[in-house]
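Listed below are the residues making up each chain.
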Amino acid sequence: MDRADRGTDSEAKSAGMKKNSVVLPGDELAVSEEYLPGKYAYDDSGRIRALLAGRVVEDMVNREISVKPVTAARTPAVGDYVTGQVEVVQSNSAGVRIYYLNGKPTEKGFSGMLLLRREPPGRGARTRTYVKLGDIVRARVASTLNAIIQLSIDDPRSGVIFALCGNCGRPLLGAGNRAKCEECGNVEERKFANDFGQSPIQP
Ligand SMILES: [Zn+2]
């Protein structure tokens, strides 16, 4: 059934638009015998139609039918926690593909930049490994200056929450700053979140 065929009078009377349905501009919401047009709805010769894309809201008390505009998921803000996968690692930063914002899935395709601390060069200085390619990390948004989502893993909640052994590819288990692979004995270093090793992982 194409859009032109949808919503004959009899169909609208019997079915109407279900509460919370997603509608597009011009979609029929109800017939005017049943409802008054509310916000973002209009009466088109006896048919109540949507003015814009959104979700259908029915006010049963006032017999009004409205459309609540679909709002874009907000962008990550300072203090939010995001969870994603490390997709690029450079000498002092890592790129993280963000899949969760404050524990809720986001499909907006945000990327964050994780700044990695470097120990000052000097005697005995060595490079610490904070994250590796493919790790799943939870991080706090530290800045959004210039539309760059800058991430931090300094607090205990933040860090790697899931990682695979670089040697054999099995999931790592661990505590503190090191994780040991139970399969091959390989020991790896990361900055782990305090709930690392929990299964299933909590974004
Ligand atoms: Zn292993």
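Small disclaimer: the values here were computed from a predicted structure and weren't measured.

Draft legend 1. Region of the structure containing the overall build of the protein. Helix and strand counts for the protein come out as one helix and 17 strands. Looking at the protein residue by residue over its 203 residues, the buried ones come to 35%. Partitioning the contacts of the protein with sequence separation of at least 6, the portion at a separation of at least 24 is 47%. Looking at the protein as shown, the accessible area adds up to about 12,100 Å², and 51% of this sits on carbon and sulfur atoms.

Draft legend 2. Focus on the pattern of salt bridges. Across all of its chains, the model carries nine salt bridges by this definition. A salt bridge links E189 to R128; the nearest nitrogen and oxygen atoms lie 4.0 Å apart. Placement of the pair is E189 in strand β17 (residues 187-189) and R128 in the loop between β11 (111-115) and β12 (136-143), with a sequence separation of 61 residues. Among the salt bridges present, the one from E188 reaches K132, with a minimum N-O distance of 3.3 Å. You can see E188 sitting in strand β17 and its partner K132 sitting in the loop between β11 and β12, a full 56 residues away along the chain. Through salt bridges with shared partners, one network takes in K132, D135, E188 and R190.

Draft legend 3. Highlighting the sheet that holds strand β4 (residues 41-44). One open sheet holds the three strands; their spatial order is β2-β5-β4, and the pairing between them is antiparallel. Every interior strand has two partners, whereas the edge strands, β2 (28-31) and β4, have only one. Here the average twist between neighbouring strands, direction ignored, is 30°. Pairing analysis gives four bridges linking β4 to strand β5 (residues 47-50), with the strands arranged antiparallel. Bridge pairing in β5 places D43 opposite I48.

Draft legend 4. Spotlight on the coordination of the zinc ion. For the zinc ion, every protein donor is listed as C165 (SG), C168 (SG), C181 (SG) and C184 (SG), and the spread of their distances is 2.3 Å. On the accessibility criterion, C168 (36% relative accessible area) is partly exposed.

Draft legend 5. Geometry of the packing of aromatic side chains. According to the stated counting rule, one finds one aromatic pair in the structure shown. Ring geometry for F192 against F196: centres 4.2 Å apart, planes inclined by 40°, an arrangement best described as tilted. Of the two residues, F192 and F196, neither departs from the other in class, the shared state being buried. Above the ring of Y35, the side-chain terminus of R63 is found at 4.8 Å from the ring centroid.

Calculation rules
- Residues numbered from 1 in each chain as written.
- Predicted model: local features only at pLDDT ≥ 70, side-chain atom pairs only at ≥ 80, totals over all residues.
- Heavy atoms only, no water.
- Helix = DSSP H or I, 4+ residues; strand = E, 2+ residues; numbered from the N terminus.
- Buried < 20%, exposed > 50% of the residue type's maximum accessible area, 1.4 Å probe, protein only.
- Contact = heavy atoms within 4.5 Å.
- Areas by Shrake-Rupley, 256 points an atom, 1.4 Å probe, with all protein chains shown as cover.
- Salt bridge = Lys/Arg side-chain N within 4 Å of Asp/Glu carboxyl O.
- Pairing = 2+ DSSP bridges.
- Axes fitted to C-alpha atoms, helices over the stretch in contact; angles between N-to-C directions.
- Donors = N, O, S within 2.8 Å, 3.2 Å for Na, K, Ca; no water.
- Phe/Tyr/Trp six-rings, centres within 6.5 Å; stacked < 30°, edge-to-face > 60°.
- Lys NZ or Arg CZ within 6 Å of the ring centre and 35° of its normal.

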